[in-house]
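Topology and contacts: notes
What follows is the residue order along each chain.
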Protein chains: 2
Amino acid sequence: MPWLPALDRHAATPLWKQIVDHAVRLADEGNLPSGERLPPSRALAAELGINRSTVCRAYEELAALGYLESRPGSYTTVRGRARPLAARPAAASLLDWNRAMAPDVLDACVSAMRQPRPAVPGDGWIDFSTLSADPDLCPVDDFRRAVRSVLLDQPRSILDYGDSAGYAPLRETLASRMRAHGIAVSPDEVVLTQGAQQGLDLVVRLLARPGAGVAVESPTYALVLPLLRLHGLRAVEIPLGADGMDLDVLESWLEREPPAFVYTMPGFQNPTGLTTTQAHRERLLTLCEMRRVPIVEDGFEEEMKYFGRAVLPLKSMDAHGIVIYVGTFSKVVFPGLRIGWIAAEREFIRRLLWLSRFTSLSGNLLSQAAVERFCHAGRYDGYLRRVHATFRRRMTMLLRSLEKDVGGDRLEWTRPMGGCTLWARVPGGRREDERALVDAAASERLAITPGSPFFATPPDQLAFRVSIAHVKVHEIEDGCRRLRRALARLTTRGEVRRAR
Amino acid sequence: MPWLPALDRHAATPLWKQIVDHAVRLADEGNLPSGERLPPSRALAAELGINRSTVCRAYEELAALGYLESRPGSYTTVRGRARPLAARPAAASLLDWNRAMAPDVLDACVSAMRQPRPAVPGDGWIDFSTLSADPDLCPVDDFRRAVRSVLLDQPRSILDYGDSAGYAPLRETLASRMRAHGIAVSPDEVVLTQGAQQGLDLVVRLLARPGAGVAVESPTYALVLPLLRLHGLRAVEIPLGADGMDLDVLESWLEREPPAFVYTMPGFQNPTGLTTTQAHRERLLTLCEMRRVPIVEDGFEEEMKYFGRAVLPLKSMDAHGIVIYVGTFSKVVFPGLRIGWIAAEREFIRRLLWLSRFTSLSGNLLSQAAVERFCHAGRYDGYLRRVHATFRRRMTMLLRSLEKDVGGDRLEWTRPMGGCTLWARVPGGRREDERALVDAAASERLAITPGSPFFATPPDQLAFRVSIAHVKVHEIEDGCRRLRRALARLTTRGEVRRAR
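Residues numbered from 1 in each chain as written. Chains lettered and ligands numbered in written order. Predicted model: local features only at pLDDT ≥ 70, side-chain atom pairs only at ≥ 80, totals over all residues.

**Regarding the overall build of chain A**
The secondary structure content of chain A amounts to 17 helices and 16 strands. The burial tally for chain A puts 50% of its 500 residues in the buried class. Put simply, of all contacts in chain A between residues at least 6 apart along the chain, 77% involve residues at least 24 apart. (Helix = DSSP H or I, 4+ residues; strand = E, 2+ residues; numbered from the N terminus. Buried ≥ 20, exposed ≤ 12 C-beta atoms within 10 Å, placed from the backbone. Contact = placed C-beta atoms within 7 Å.)

**Thoughts on the relation of the copies chain B and chain A**
Taken as rigid bodies, chain B and chain A are interconverted by a rotation of 180 degrees and an axial shift of 0.0 Å, the fit giving an RMSD of 0.0 Å. This pairing of chains is accounted for by a two-fold axis. Take the interface residues of chain B: 99% of them recur as interface residues in chain A, which is what a same-surface contact looks like. (Least-squares fit on C-alpha atoms with pLDDT ≥ 70 in both.)

**Points about the domain arrangement of chain A**
One widely used convention gives an interface's size as the accessible area the parts lose upon coming together. Residue and element names in this part refer to chain A. Taken domain by domain, chain A comprises domain 1 (15–78), domain 2 (116–136 + 386–492) and domain 3 (140–380). In this complex, domain 2 contributes 23 residues to the contact, which on the side of domain 3 involves 26 residues. Elements with a contribution of two residues or more to the side of domain 2 that touches domain 3: helix H15 (379–406) and strand S13 (421–426). Element by element, the count of residues in the side of domain 2 that touches domain 3 is highest for H15, at four residues. A per-class count over the side of domain 2 that touches domain 3 returns 13 nonpolar, eight polar and two charged. (Domains from an automatic or database assignment. Nonpolar A, V, L, I, M, F, W, Y, C, P; charged D, E, K, R; others polar.)

**A closer look at the packing of helix H13 (residues 346–360) of chain A against helix H5 (residues 105–112) of chain B**
Contact geometry of H13 of chain A with H5 of chain B gives a least axis separation of 10 Å together with a crossing angle of 70 degrees. Taken together, the axes of H13 of chain A and H5 of chain B are roughly perpendicular relative to one another. In this structure, the crossing between H13 of chain A and H5 of chain B has a hand that is left-handed. In this structure, H13 of chain A contributes Arg351, Trp354, Leu355 and Phe358 of chain A to the contact, and H5 of chain B contributes Leu106, Cys109 and Val110 of chain B. (Axes fitted to C-alpha atoms, helices over the stretch in contact; angles between N-to-C directions. Parallel < 35°, antiparallel > 145°, perpendicular 65-115°, else oblique. Left-handed = near helix turned anticlockwise from the far one by under 90°.)

**A look at the environment of arginine 179 of chain B**
Relative to the helices and strands, arginine 179 of chain B resides in helix H8 (residues 168–179). Separated by 109 residues in sequence, arginine 179 of chain B and cysteine 288 of chain B have C-alpha atoms that sit 23 Å apart.

**A few points about the sheet that holds strand S16 (residues 462–467) of chain A**
Residues and elements named next belong to chain A. Strand order in this open sheet of four strands is S12-S13-S16-S15, and the pairing throughout is antiparallel. Two strands close off the open sheet at either side, each with one partner strand: strand S12 (412–413) and strand S15 (449–450). Where S15 meets S16, two bridges bridge the pair, whose relative direction is antiparallel. When the sheet's bridge partners are listed, threonine 449 is paired in S16 with arginine 465. (Pairing = 2+ DSSP bridges.)

**Digging into the interface of chain B and chain A**
Contacts between chain B and chain A engage 92 residues on the former and 93 residues on the latter. Take the side of chain B that touches chain A: its biggest share by element is nine residues, from helix H13 (residues 346–360) of chain B.

**Description of the packing of H8 of chain B against helix H14 (residues 365–376) of chain B**
Residues and elements named next belong to chain B. Between H8 and H14, whose axes approach to 8 Å, the crossing angle comes to 45 degrees. Taken together, the axis directions place H8 and H14 in an arrangement best described as oblique. Remark: the crossing between H8 and H14 carries left-handed chirality. Across the interface between the two elements, Pro169, Leu170 and Thr173 from H8 touch Gln368, Val371, Glu372, Cys375 and His376 from H14. Residue classes in the contact of H8 with H14 are distributed as four nonpolar, three polar and one charged.

**Observations concerning the nonpolar core**
Formed by 179 residues in total, the largest nonpolar core has its most connected members in Val203, Val214 and Ile342 of chain A together with Val203, Val214 and Ile342 of chain B. If we skip the residues at most four places from it in the chain, valine 203 of chain A touches Val296, Ile324, Val326 and Ile342 of chain A. (Core = buried A, V, L, I, M, F, W, Y, C linked by C-beta atoms within 7 Å.)

**A few points about the environment of phenylalanine 334 of chain A**
Here phenylalanine 334 of chain A is to be found in the loop between strand S10 (323–328) and strand S11 (339–343). For phenylalanine 334 of chain A, a count of 24 C-beta atoms within 10 Å translates into the label buried. Considering only alpha carbons, one finds phenylalanine 334 of chain A and proline 135 of chain A, 199 residues apart in sequence, at a separation of 8.1 Å. The contacts of phenylalanine 334 of chain A, once residues within four sequence positions are left out, are Ala133, Phe143, Phe329 and Val371 of chain A together with Leu159 of chain B.

As structure tokens, this is what we get:
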């Protein structure tokens, strides 16, 4: 039976993907005749000695790729699929793209992206790396209902161009949700963006003065660094202490030169999970007001507080309109819908709308309307309660298990009040061992995110990010034990060198 | 009954919108108590002496805004709706945004956008202005089925982050659709974008060398002009003849300075509707190959040819990888989903993917997958046939009616082979009369798009664009008669001055 792939249980490629690749190869070589009946998933699973859900996932993917078809009440069969003609063999381009594309700054951005990259988790792995809404928590049925109701009630308007600012009822919803965090904005002061990343790009475009510095926490969100560079800005790294960026360092730097803006994630910071205090926020705001420096507040997980008392966003205290707030749904729910937003002072919004019109006309109305419907029906609040309960359990388990299964002598870590990540550091460890640590973890089938990419100039330390976004609570202890073994492996091989 | 608004049939605001505004005002003032029963649409329509569909549209909008609720089998009632707190009174901002936002180039872009703007059509108007897919043709049911099947088959993967390149099966579909136009690209050479506008922005970002010139047709797509300016580029306008941009002029300019790129819309050009010949395309390509200048080919209506023989896109003859092809669905179907794409040489695509990752991570997977499903099921081809038949009838009627009801002595116009627009010019008319012409048409309740915004430096002529995208075939004769009256009104009042 040509359907029997040779599976490699230890490969980085997950088993379901190996099945898919195998079938695609057969089909493309013409060895999987159209109309051929597929073995039932249960039978194939038994034959291969793997989980049936793995086979189902592979079949689902093959169907999505157009290689299978199934009729209700019948077998699934191989689909006769028109393959694209072989593309023309690449002639040497007449153009030197390096010259044609002037912004070689892009190449500089790419090459400045720090190594190592995290390993990609496969079957049997524990994923302490991924940071985005957990698909297993995704309220699929509620969302399906929201989409359906939008497409029944107002299909034509929703499939037509919308306003550059985004679907008005969702802007109203967001404005009123932000009020729950003390931010008083009207819907007119809210603009929807294609996720927070496009929001940041638009904001940086508006605030960029090439050559100017931008104060960022150190470490900071990895993908903001190439974005700043792309716009000719310098990241000025302000050390991050237990209570956020060191404001004394910031203040003395602000005295020396006027920056383009300050970029901060005051809550559940990515990567450290740290949340700044009310007092820290007030002083940061005052410093920037005195120097008339805009603050870009990345509230990417504003609604993910599940321990302790709420701290108000900077934007809520922004009496002078210097704070530009960037929000997103993607870390909580539906990252694939790419819904983020910006709340800012009217003059800023006015320009933002023009920029947004010139560069993308308008956003995806269907998704905006479906999310509005989802929030409106109270589904979002219910979902948020479930997510909080889940993440509270995961974070509690992680903190407990790090203590119990790894231990404070081998590792130091932060204690987040919410969100999905914490930051861990090997005492006395050195940066040159980062690749070895990621590899040691990978050989335990554990994915962690190495620390260097979160710095423009990484310090000589051995640190990494642990995310609970995609890990189940029952996997966490096992994950921590794998982490201990990975750390032990490094130490045994004498690979952890001590920093000076 | 507080529900009875005073309607103004001659206002620019359509009747349904007047009803909505009236109800929102009442509700926000507290004069529409929660739970109050709405008059049935039929009764309200009779009472106001208007069409019932107008009332239904108003009710639909009010429901979307959250002001109404209806339960199956019951009356529609007013919904108790939490209004956002009044926003904080705007304090004078501490920041001088003009200084904080360095790119005052944005303001320059905005102020350089040419006047006059077209009038916004209301009830009873004939719309010769709007250019986007006709919502009345929108295959809503088929699309609803496509969304439903995607959300049933692969909800979790579709609501999670996707690849920066976009949903792979849709890239395959596009690659194979482009083959029908002679373009041999592999799915790896296709990147999905948030409509053609974001595609253009990405392309311009990659090709921009501040200060460099970009050759554009004159007239050209209005929104490409501010986009070029935003990136510090100069639009160099090459006159457009009956067979596309004047290649002698282009050639002599290319000899003088190396441009960043050439931007062209070879088919059904916006605004003129002109399609260049095969010979023109070959010469344009050769000129650019000789000078090693990239061509950005905007194939925004590639699939909208409904008269005469097909002409191959430039990209299909691009043996040396100098053509960057920008495509979109928005002029044919589902503009609100914002699905466009770029097909180009691999080295360009490699950079594009990085840029796209830095600036938006990924696109909207749900819409991409739904469109793929829609195309895959053969619905798109069926839809396209219906659209072609409809537009062929509309364009035939328009050309006939211009001849019969306006006449060649009053107006000259292009004869498009497809697409949605034609370009009309008043013989001997002058640009200073443009506002008067738009107003004269508006007083006939006819919306046309004035010509100036399609030029960086508008010539002294009186021209405008006529679009059939949103006009019904039975409205076209009436539209042309209104146009004749508008032209006559200008002439009678002596407002058409003769150009030197």
